[in-house]
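Reading the structure
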Amino acid sequence: MGRFILRRFLMLVPVLIGVSVVAFLIIQLAPGDPAQLMAGLDATQADVEMLREKFGLNRPLVVQYGMFVQGLFSGELMSLRYESPVMEVILPRLGHTLVLALSSIVLAVLIGVSAGVLSAVMRKTWVDYAATVLALFGISMPVFWWGLLLMLLFSVKLMWLPSGGTGTLAHLVLPSIVLGTASAGIIARMTRSSMLDVLRQDYITTATAKGLSARLVVGRHALRNALIPTVTVIGLQFGQLLAGAVLTETVFSLPGVGRLLVTSILARDFPVVQATLVIVAVFFVLVNLAVDVLYAVLDPRIRYHG
Amino acid sequence: MARGDSRTVLVLKRICRNPIALLGLVIIALYVGVAVFAPWLAPYDPLGQDLSKSFAPLSAEHPMGCDEFGRDILSRVIFGARTSLIIQVFSVLMALVVGVVLGAAGGYFGGWLDEFLMRCMDVLLAFPGILLALAIVAVIGPDLHNLIIAIGIYSIPQFARITRGSVITVKQNEYVTAAMAIGESHFSTIVRYVLPNAVSPIIIQTTLRMATVLLTAAGLGFLGLGVQPPQPEWGTMLSTARMYLRSAPLVAVFPGVSIMIVVLGFNFFGDGLQDALNPRLKD
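Source: prediction; values computed, not measured. (Residues numbered from 1 in each chain as written. Chains lettered and ligands numbered in written order. Predicted model: local features only at pLDDT ≥ 70, side-chain atom pairs only at ≥ 80, totals over all residues. Heavy atoms only, no water.)

1. Some thoughts on the interface of chain B and chain A
Basically, it comes down to this: The contact criterion used throughout is that any non-hydrogen atoms of two residues lie within 4.5 Å. Two parts placed together each lose some accessible area under a 1.4 Å probe, and the buried area is that loss summed for both. In what follows, salt bridge is the name for a side-chain nitrogen of Lys or Arg lying within 4 Å of a carboxyl oxygen of Asp or Glu. Under this definition, polar contacts are N or O atom pairs within 3.5 Å; protein pairs additionally need one hydrogen-donor-capable and one acceptor-capable atom, and for neighbouring residues in sequence, both atoms have to be side-chain atoms. Only runs of H or I of at least four residues qualify as helices and only runs of E of at least two qualify as strands under DSSP, and these elements are numbered from the N terminus. Here the nonpolar group is Ala, Val, Leu, Ile, Met, Phe, Trp, Tyr, Cys and Pro; Asp, Glu, Lys and Arg are the charged ones; every other residue, Gly included, is treated as polar.
Between chain B and chain A, the contact holds 42 residues from the first and 49 residues from the second. Of the roughly 4,100 Å² buried where chain B meets chain A, counting both sides, 80% is carbon and sulfur surface. Across the chain B-chain A interface, the total number found is 1 salt bridge. Among the ionic pairs, Asp 271 of chain B bridges to Arg 189 of chain A, the shortest N-O distance being 2.6 Å. Seen at the junction of chain B and chain A, the total is 5 residue pairs in polar contact (both at pLDDT 80 or more). Counting residues per element, the side of chain B that touches chain A draws most heavily on helix H12 (residues 253–277) of chain B, which supplies 10 residues. Taken together, the residues that form the side of chain B that touches chain A break down as 32 nonpolar, 4 polar and 6 charged.

Given below as structure tokens:
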């Protein structure tokens, strides 16, 4: 097991290097001069030259990349807008986003797994159809519009919940529902189909033939195995939530990294944009590694050779 | 080709028996119809302002009311369908072509080429969801053309991975070995024998991707980084509607409903297609 984890960890190294290269190169896609892009159209020539010097934009690309990576770790990479190291800008906001993502995924798992199991056990009944349609509705709902609708109902009309800001659990309710909805739908679909696969297996027939109650067959024998593919989906969904936070945090004016990313783009604070991309990607990749390990723990058939 | 034909018929029959998939197909057909015939269907000029009608309520004249500049929302929603369809078709097409070529090459040839291509895809996939498209648009600037490129790029890895997986399975069939044994070139083996049999997952992915891409484009529009106003696009319309949410909540309703219905249509159809193309789920 230890060797497996180490091997998977080493496989991450090229991906992480690739991530930093992409985040670094993205600014080079700018039509024209990256220094001009950072400075803005109304900047003086002197401002542009200063930025060019500061970020080494007149040096060879390889040197610039070295400066970027070094600056990321050493704290020398500065936000243009806040005039402090990018990490000091990003890390405090990451906490807000993680809390939001975690509460959304918990909600999504609770709803998604229950709906998926119900759907599979009651296949081809109205419960199954209703759950399928609801799940597809959840997946199809634009996050930002769903947010606006709930805000309109619960904050503006009923005035039960705050429409933005942070601090209390009440502030977390609407954003978590909004962000978790699509994931709940996807988890429900996945649980349903893997549950159906498992229910067709011989050992389930055996368990039923032995006279075990349906509750026991589903709960003890089927669910455990059916949840294995679901775990992978949950890991992938966590990444989607980090990305979805960009929209949710904008709707509810939450001070997380998603909103930071958008405001930094609009303010042309590209060092923050680049660093945020790297951090979110690293996070996502690590969560997936954790999921792979969990997968191996859950399913003894998958023990990794070599 | 008789086998291929009968399989298509079978799949079509299965879809026709699935009410949800049929509903999806109807929604897609209506959406495409509205997008194509927008200039004939829209009652007003989608850009025509009339400040005296600012936030006009629903009426026979303006069935969806008017926005902050007194523009007819129905006309803007109709032309918005056209904008969305253009983004969807071209970005998915771009991702499909590039992704299938990369995935087929990697899956068929294997070895270091496959390893290299898949690591590159891993890197792109490490930026979850909307982030990659967001970052690209942020740098190259938000307009329709750039939006298509950004959304296309971020969809490439999905197509590459699915094609690769499918090609690797198909490659193991004896008819592929036979094709190479009779001296078919690699190119002709891939195009004539491998890809036609690896196509089901790619079709499903294309349908479901149309849904994701529409959501992404609208999301970017909502953030102010998509299609720029005054050009009508559903996400961009919601972005301005948000500012008047308390005073004129109705303005936010119709563009959102449109996005949801169309995305739902593609998801319904894609879901049904998945069942219909899945040989394990014989009835």
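Now that the structure is up, let's keep going.
2. Structural notes on the packing of aromatic side chains
Selection rule: Whether two aromatic rings pair depends on their centres lying within 6.5 Å, for rings of Phe, Tyr and Trp, where Trp uses its six-membered ring; planes under 30 degrees apart make the pair stacked, over 60 edge-to-face, and the rest tilted.
Evaluation of the coordinates by the stated rule reveals 9 aromatic pairs over all chains. Arranged with centres 5.9 Å apart and planes meeting at 35°, the rings of Phe 24 of chain A and Phe 68 of chain A form a pair that is tilted. Taken together, the positions of Phe 24 of chain A in helix H1 (residues 2–25) and Phe 68 of chain A in helix H4 (residues 61–74) put the pair 44 residues apart, joining distant regions of the chain. Between Tyr 31 of chain B and Phe 266 of chain B, the aromatic rings sit 6.2 Å apart at their centres with planes inclined by 85°, giving edge-to-face as the arrangement. One end of the pair, Tyr 31 of chain B, is in helix H2 (residues 19–36); the other, Phe 266 of chain B, is in helix H12, with 235 residues separating them in the sequence.

3. Describing the packing of helix H6 (residues 126–140) of chain A against H12 of chain B
Applied cut-off: For every element, the axis is a line fit to its C-alpha atoms; helices are fit only across the contacting stretch, and the angle between N-to-C directions ranges from 0 to 180 degrees. An angle below 35 degrees is read as roughly parallel, one above 145 as roughly antiparallel, one from 65 to 115 as roughly perpendicular, and any other as oblique. For any helix crossing, the convention is left-handed if the near helix is rotated counterclockwise from the far helix by under a right angle, and right-handed if that rotation is clockwise.
Between H6 of chain A and H12 of chain B, whose axes approach to 9 Å, the crossing angle comes to 130°. Here H12 of chain B runs oblique to H6 of chain A, going by the angle between their axes. Seen from above, H6 of chain A lies across H12 of chain B with right-handed handedness. On the side of H6 of chain A, the interface is formed by Thr 132, Leu 136, Phe 137, Ile 139 and Ser 140 of chain A, while H12 of chain B contributes Met 260, Val 263, Leu 264, Asn 267, Phe 268 and Asp 271 of chain B. Partitioning the contact of H6 of chain A with H12 of chain B into residue classes produces 7 nonpolar, 3 polar and 1 charged.

4. Remarks on H1 of chain A
To keep it simple, the criterion reads: Helices are assigned an expected span. That span is 1.5 Å times one less than the residue count. What is called the bend at a residue is the angle between a pair of axes, fitted to the seven residues leading up to and ending at it and to the seven starting from it. Accessible area is worked out with a 1.4 Å probe on protein chains only. A residue is then buried under 20% of its type maximum, exposed over 50%, and partly exposed in between.
Taking 1.5 Å of rise per residue, the 24 residues of H1 of chain A would be expected to cover 34 Å, and the 35 Å separating its terminal C-alpha atoms lies within 8% of that figure. Of all bends in H1 of chain A, the biggest is about 25°, found at Val 13 of chain A, and the proline Pro 14 of chain A comes one to four residues later. Buried residues of H1 of chain A: Phe 4, Arg 8, Leu 12, Val 15, Gly 18, Val 19, Ser 20, Ala 23 and Phe 24 of chain A, and no others. If you follow the buried residues of H1 of chain A, they end up packed against H4 and helix H12 (270–298) of chain A together with helix H5 (111–125) of chain B.

5. Description of unusual backbone geometry
Excluding glycine, residues mostly have negative phi values, and the peptide bonds linking residues are mostly trans. Here Pro 229 of chain B and Pro 230 of chain B are connected by a cis peptide whose omega angle stands at 10°. In this structure, Pro 230 of chain B sits in the loop between helix H10 (199–222) and helix H11 (234–241). Residues other than glycine seldom take positive phi values, yet Lys 124 of chain A does so here, at roughly 60°. In this model, Met 159 of chain A sits at a positive phi of 55°, which is unusual for a non-glycine residue. Note on Met 159 of chain A: relative accessible area 64%, which makes it exposed.

These results come straight from atomic positions and should not be treated as a statement about function.
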